[in-house]
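Summary of the model geometry
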Amino acid sequence: DLVEGLEQMARPLVGATDSLPGVLALVLVDSGMWLIGLHPLALMAPLKPIWLAMLAENMNAAATGAALPHLATREFFLWFVWQGGSGGTLAMAILLLRARSRTLKTVGRLGFLPALFNVNEPLLFGVPVVTNPRVAVPFVVAPLLSATSTWLAMSAGWVARPRLDVLWTLPAPVGAFLSTGGDVAAIALQLFNLALSML
């Protein structure tokens, strides 16, 4: 069975990806690539089948009433770690709205609405984040903290694990709520992570 053979070959990748060290490594790679001016989309493309396989297993488990086996699906990153896009830039857009610099405030106003829908290129190139060592630390640390808090909350069972694939351009609270099957605690976690990123 070709499909079964491919699934067996991917099992070690799923195990490595669906762990806290795997999640943190992926966040580091994503942030690092943006900081040097490379879009990480090409690097993330091979992860899509793995994320979809994990999500499908979560869907099947939810349909049968079993415990959901996976945490680090694509939705884990989209709605809880990369709010507003890579680096958790929705928090930056909110902070820029109160910036003293008129230029940065304008970038914040122009970048807020797209960031609300997970499009952060106006911020990445308008601030700029790309090749800017001044913002490198928060751009890396904010998603690492969000990934850790999300991993801990979902591992403890305080927040439902992702089980549904929803449109990636939804605002974060809506996406978090829908992807976890309507868990209100997901919205609370998403807002906690947003506040953490702003700090």
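1. Quick look at the layout of surface pockets
By volume, the largest pocket is sized at about 570 Å³. Lining the largest pocket are 19 residues, and of these His-39, Leu-41, Leu-78, Trp-82 and Trp-168 sit closest to its centre. Contributing elements (two or more residues each) for the lining of the largest pocket: helix H2 (20-35), helix H3 (41-44), helix H4 (47-64) and helix H5 (74-81). Tallied by class, residues from the lining of the largest pocket come to 10 nonpolar, five polar and four charged. The computed volume of the second largest pocket comes to approximately 420 Å³. Here the residues of the lining of the second largest pocket are counted per class, giving 17 nonpolar, five polar and one charged.

2. Details of the packing of aromatic side chains
Under the defined criterion, the tally for this structure stands at five aromatic pairs. Ring centres 6.1 Å apart and planes at 75° place the aromatic pair Trp-34 and Phe-125 in the edge-to-face group. Of this pair, Trp-34 sits in helix H2 while Phe-125 sits in helix H8 (residues 121-126), placing them 91 residues apart in sequence. Take Trp-34: its relative accessible area is 3%, and that puts it in the buried class. Relative to Trp-82, the ring of Phe-77 lies with its centre 4.9 Å away and its plane at 25°, an arrangement referred to as stacked. There is no split in this pair, since Phe-77 and Trp-82 are both buried. Among the aromatic residues, ring-to-ring pairing joins Trp-51, Phe-76, Phe-77, Trp-82 and Trp-151 into one connected group.

3. Some thoughts on H5
Counting buried residues along H5, seven of its eight residues qualify, which places the element largely inside the surrounding structure. Of the residues making up H5, those classed as buried are Glu-75, Phe-76, Phe-77, Leu-78, Trp-79, Phe-80 and Val-81. Contacts made by the buried residues of H5 are with H2, H4, helix H9 (136-155), helix H10 (172-179) and helix H11 (184-198).

Parameters and conventions
Residues numbered from 1 in each chain as written. Predicted model: local features only at pLDDT ≥ 70, side-chain atom pairs only at ≥ 80, totals over all residues. Heavy atoms only, no water. 1 Å grid on protein atoms, 1.4 Å probe; cavity = no way out; pocket = protein on both sides within 12 Å on 5 of 7 lines; lining within 4 Å. Points joined across faces, edges and corners; volume = space filled by probe spheres on them. Helix = DSSP H or I, 4+ residues; strand = E, 2+ residues; numbered from the N terminus. Nonpolar A, V, L, I, M, F, W, Y, C, P; charged D, E, K, R; others polar. Phe/Tyr/Trp six-rings, centres within 6.5 Å; stacked < 30°, edge-to-face > 60°. Buried < 20%, exposed > 50% of the residue type's maximum accessible area, 1.4 Å probe, protein only. Contact = heavy atoms within 4.5 Å.

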